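# Reading the structure
Here is how the chains run, residue by residue.
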Amino acid sequence: MRFSLKNFRYAVRALRRRPTYAAVAIGTIGLAIAANTTMFTVFNGVILQPLPFRDADRLVTIDVRAHTGFPISLSLPNYRDWRDKNRVFESFAAGADWGMTLTGRGPAQAIYALAAVGDPFGTLGLRPHLGRLLTPEELPDHEGAPFVTVISHGFWQQHFGGQTDVLGQSLVLDDQVYTIVGVLPPDVGFPQASMDLYVPMGTLPNLPWDVRSSSFGTRGFGRLASGVSLETAREDMARVGQEVRAEAGDDTALPELRTLSEFIVGDVKTPLNLLMGAVVFVLLIAVANVGNLMLARGEDRYRELAVRGALGAAKTDVVSLLLAEAFVIAIMGGLLGAGVAYLSVEAVMGLLPAQVPALLLAQVKVSWTSLVFALGVALGAGVLFGLVPAFRMARTDLVGSLKSGARTTDQGRERLRSALVVGEVAIALVLLIASGLMLRTLDKLRNVDKGFNPESVLTASVPISKERNATREGWLGFYSELRGEAAVIPGVRSAAMTLLLPLEDRSWEMGLHPEGVPVTPETTQSVLYNVVSPEYFETLGVPIIRGRGFTSSDRQGSNLVAIIDETMAERFWPDAEPLGHQITFETDSASTPVYRTVVGVARNVRHYELTEPSRIQVYVPFEQTGVRWGMGLRIALRTSVPPSQAAGSLREVVTRLDPSVPVSRLQPLDNLVERAMGQSTSITRLLTAFGASALALAALGIFGVMSYAVTRRQREIGIRIALGAGAAEVIRWVTTRALRLTALGVMLGLVASVALTRMLSGLLYEVTPIDPVVFAIVSAGLASVALLAAYLPARRATRVDPVVVLSEEG
Amino acid sequence: MIRLRGVEKSYPVGTGRVYVLRQVDLDIQNGEFITIMGPSGAGKSTLLSILGMLDNEYTGDYFLLDQSVHDLKPKDRAALNKQYIGFVFQQYHLIDDLTVAENLDLPLSYRDVPRREREAIVADTLDRFQIVGKKDLYPSQLSGGQQQLVAVARAVVGNPKVILADEPTGSLHTTHGRMIMDLLKRLNQEGTTIIQVTHNEEWAAYGNRTIQLLDGWIADPARVPVSST
Ligand SMILES: Nc1ncnc2c1ncn2[C@@H]1O[C@H](COP(=O)(O)OP(=O)(O)O)[C@@H](O)[C@H]1O
Ligand SMILES: [Mg+2]
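Residues numbered from 1 in each chain as written. Chains lettered and ligands numbered in written order. Predicted model: local features only at pLDDT ≥ 70, side-chain atom pairs only at ≥ 80, totals over all residues. Heavy atoms only, no water.

A separate point is the confidence of the model for chain B. Residue and element names in this part refer to chain B. Confidence in the prediction of chain B, expressed as mean pLDDT, is 88, and 96% of residues score 70 or more. Helix 2 (residues 74-84) is the least confidently modelled element of chain B, averaging 85 in pLDDT, while strand 8 (residues 193-197) averages 95, the highest of any element. Note on residues 222-229: pLDDT is under 50 here. Beyond four places in sequence and across chains, it has nine contacts. Under the prediction, the complex receives an ipTM of 0.78, its pTM being 0.78. (pLDDT = per-residue confidence, 0-100. Helix = DSSP H or I, 4+ residues; strand = E, 2+ residues; numbered from the N terminus. Contact = heavy atoms within 4.5 Å.)

This is the structure:
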């Protein structure tokens, strides 16, 4: 086969003379490639690219499993022992997310810091953008570290406008003065690029440095020595864990290793794989469509190709001529696709689940790889949609058709076209069913009984300073006053203080024991522990289904009370009255259990996830808590106006009461629900967009094939009209043919869906992957669209003039 | 039964118009067997299309059973066509993908005949034309004569008052041609009005009256010898 330049020049000229055909073909393939390139660019940045750390494949993170089986965080004694006893790590570090309050630079602000020990920067292989990073000597595993900090590039830009004189300046964090010694490069950080700054853990007060069972959010990570496999490392850490347990006791937690990339990429892998698969489906449909267009175009070229054959062109020459046209379309489509991808990748990133870490999103860039991908896919597609018609064409007897002068009635070609359309319909159906299942999931999620009413609730974090938190009067006084003032803001119906908000990704657990059960680690049940003001249930709309809520008389000194949730009531007292029973989950200063009386049962609240009821949750009145929670309390306002309208007044009230208290996370409770649905929403949006493209392409395919069939069957249509067929009958005849193809496609698609939607099941909620409602609605919808697509050619068929077509010879 | 007055048909060509039918006046009585003759291009097929209401782009008046066809709405015209007209073509124009029986059923399917009745009519027709044995064959499996036989059968299956046959024997050998002509004659004797186009003098003689068309004009009967039976 020869590919002469002449063939390509000829193909370009031929396409320019048929602008509509060229535009449809190039546009179809171009948009499919745009979708593929965009998704690939995202996929490449998030999944395929190594993390932006030196030799990232040697980085691992350490999960900690408590003897009870629950995942917990790394305690400092375990950190020390695991670091010292292992033989596989080259370097080792740990860090805990730490919310801090920045003062002295405008209004008080909440910022996110990583409190670090060991050698995090060396382990990750990070280099400073400015100044220097923190050394292992500055990050000791005990109190007494220097007050130095490294700030992120983003924080530097935001607070210092990128000025280089930032080095040596100081920041007041939680009332301590830290000196800035360095700035990180853009888009890196741990565990998130969005982390504001890094401080030595040894600068924080009152940490349980020597409590082996403590768990306050520390995560360990390390760099494996070169040549050490993950397997070897796992074995070694298992040995280390057992050794430490042998020395420190059976309730010592054990380490489990995971690659850092797995930890950071996390759950977004499944949805991204899925979306990548979906977009490949769209490409397949586009290829089938362009293949169909080219078959039709081959029809036009019959005479020309026959003449070429008669003049001595070999079949391979004819094939290469046809392929040249396919390649020209493919390359133009590839360039168009890469261009559109370049413009749209930003927008698609906005549609991605919020769960995709910013660290990875920063790696998503349209690059040469994207362009190579686009052109590679384009050429592959070109071969597919070019070869099929080329070989079909080359197989037919060109010279014979010239002699007879008859129009070819190549049944095979029509069958091939129909088969392509059936395939398109099947693929489109699979995609539409997938998006239908997701839409239904979203609907279920939206309507799930969350146990609270998120509408018209404004929430905010209002942490107080250490001094205020130092005394009971200080923190209770402030929050009581704040709550009272907030409750009388115009448009506010009620105001409550609470330690936890549902779906905020923040929790506090305690070990629970009911009365009569000995308080030992073995009998512990972990419960979600919330500290609330009496107005909490009313404000959040959590129904009290038995007993009573808290009142202002549940004070210090009065009878200690608790409210439990339905789950706990059922689990502990399945057939009995839960009210009046005693439970304990706290200890007093002398470590003896503090018992409380159950006075009410609240509806289960979806706390961790929207899809599952919370584990056991208990509520304690905030005037009766032994711990001072002033660093982490939230305020919630139920409003009669749109919640955001109360935001300004809330800020004013807080600032008036204490200007050192930063108001952050100011958002309607709805936001938390939206965020919990974020992954589903985003997958649904993208899948639906792909499904809609698939539907449009399939409709175009049906339109093309039916137009072609109508043209080819003018004579038959003419006869039918002459025999008395009216417009309705002709339309019915054409649409029935389209429906037959569609039905076949739908049937294939249903079978394929049954096989494929199982892959979605992890993302569905209360919807089975073969949900009959979705299957039925989508099938019917697709059939309706197919009917519509066939209607235009059918209308054209009614205008066939029997006098003209029947007088043609043949 | 049929009355044409001053029917003219023309096509735009270049800046002017070319006339295909000129000043056609024609009266056809119920039960007649009319032969239209004339050289190729004379307008014979055009005239049949107008009579069969397939072609409505003409001037002049066309009355069918005192209904003025030219004033009818397309829908009513189509209804009239279904009720009164059956077509036979030179190229048979059977539908390749349908069997003989299905081809016969086709006109009925367009005429709101209940399915039961349709089956009975098709069976009767197959019987009457002695093609029961061929009912499940496709047109391509039949000879030309058999195909035209089926085409005639299809034309009468809807029980039309008028059969318009445009060179029905044009593609047939003499024996087959005679068979078709005998068939048309018999239908005529049973009461169907037949209007046929032919180039064959022998077949023309089957009719009771011949109309000569020349360049769209009906030739003056006084100057053209009329053959009649
Ligand atoms: N669409 C058309 N445009 C222009 N002329 C036409 C058209 N259709 C038919 N004619 C012309 O009308 C004349 C009559 O055609 P036709 O009725 O088929 O003749 P006949 O059947 O007598 O051979 C012919 O000269 C033919 O060329
Ligand atoms: Mg003719």
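With that settled, the discussion passes to the site of ligand 1. All names here are of chain B. Lining the immediate environment of ligand 1, one finds Tyr11, Val20, Pro39, Ser40, Gly41, Ala42, Gly43, Lys44, Ser45 and Thr46. Within the backbone of Gly43, a nitrogen or oxygen atom sits 2.9 Å from an oxygen atom of ligand 1. Side-chain polar atom of Ser45 to an oxygen atom of ligand 1: 2.6 Å apart, as the coordinates give it. Notes on ligand 1: free accessible area 570 Å², of which the protein chains cover 58%. In terms of residue count, helix 1 (residues 44-51) provides more of the shell around ligand 1 than any other element does, three residues in total. (Near = heavy atom within 4 Å. Polar contact = N/O pair within 3.5 Å; in protein donor to acceptor, adjacent residues only side chain to side chain. Areas by Shrake-Rupley, 256 points an atom, 1.4 Å probe, with all protein chains shown as cover.)

Residue and element names in this part refer to chain A. Remark: helix 21 (residues 678-712) packs on helix 23 (residues 727-756), axes separated minimally by 11 Å, with the N-to-C direction vectors making an angle of 135°. By the angle class used here, helix 21 and helix 23 are oblique. When you trace helix 21 past helix 23, the crossing you get is right-handed. Residue-level inspection shows Ile702, Val705, Met706 and Val710 of helix 21 in contact with helix 23, the latter providing Val734, Arg737, Ala738, Leu741 and Thr742. Of the residues contributing to the contact of helix 21 with helix 23, the split by class is seven nonpolar, one polar and one charged. (Axes fitted to C-alpha atoms, helices over the stretch in contact; angles between N-to-C directions. Parallel < 35°, antiparallel > 145°, perpendicular 65-115°, else oblique. Left-handed = near helix turned anticlockwise from the far one by under 90°. Nonpolar A, V, L, I, M, F, W, Y, C, P; charged D, E, K, R; others polar.)

All names here are of chain A. By the secondary structure assignment, Ser367 is in the loop between helix 11 (358-361) and helix 12 (368-395). Using a relative accessible area of 31% as the deciding quantity, one classes Ser367 as partly exposed. With 326 residues separating them in the primary sequence, Ser367 and Thr41 have C-alpha atoms 8.1 Å apart. (Buried < 20%, exposed > 50% of the residue type's maximum accessible area, 1.4 Å probe, protein only.)

Here the focus is helix 3 (residues 76-85) of chain A. All names here are of chain A. With seven of its 10 residues buried, helix 3 lies for the most part within the structure. Those residues of helix 3 that fall on the buried side of the exposure criterion are Leu76, Pro77, Asn78, Tyr79, Arg80, Asp81 and Trp82. As for helix 3, its buried residues are in contact with strand 1 (59-65), strand 3 (89-103), strand 4 (109-118), helix 6 (230-248) and strand 11 (254-259).

A surface patch of like charges, here positive, comprises Lys6(A), Arg9(A), Arg13(A) and Arg17(A). Relative to the assigned elements, Arg9(A) resides in helix 1 (residues 5-17). (Patch = residues over 30% accessible without salt bridge, like charges linked within 9 Å, V, L, I, M, F, W, Y side chains within 5 Å. Salt bridge = Lys/Arg side-chain N within 4 Å of Asp/Glu carboxyl O. Lys, Arg positive; Asp, Glu negative; His and termini not counted. Charge placed at Lys NZ, Arg CZ, Asp CG, Glu CD.)

Here we come to the pairing of strand 4 (residues 59-64) of chain B. Residue and element names in this part refer to chain B. Sheet topology note: the strand 1 (residues 2-13)/strand 4 ladder contains five bridges and is antiparallel. In the sheet register, Leu4 faces strand 4, and the bridge partner there is Tyr62. Where strand 4 and strand 5 (residues 67-68) come together, two bridges link them in antiparallel fashion. Bridge pairing in strand 5 places Leu64 opposite Gln67. As consecutive antiparallel partners, strand 4 and strand 5 are separated by two residues, and within that stretch Leu65 has a phi angle of approximately 50°, a positive value. (Pairing = 2+ DSSP bridges.)

What follows concerns the domain arrangement of chain A. Residues and elements named next belong to chain A. Splitting chain A by domain gives domain 1 (5-47 + 268-445 + 678-807), domain 2 (67-252) and domain 3 (457-676). Each of domain 1 and domain 3 has a C-alpha centre, and the two are 56 Å apart. Taken together, the four residues of domain 1 in the interface contact six residues of domain 3. When the two sides are added together, the surface that domain 1 and domain 3 hide from each other amounts to roughly 440 Å², 49% of it contributed by carbon and sulfur. It is Leu445, Gly678 and Tyr765 in domain 1 that bury the most area against domain 3; as a group they hold 78% of the surface buried on that side. Here domain 1 and domain 3 share three residue pairs in polar contact (both at pLDDT 80 or more) between them. (Domains from an automatic or database assignment. Buried area = accessible area lost by both parts, 1.4 Å probe.)

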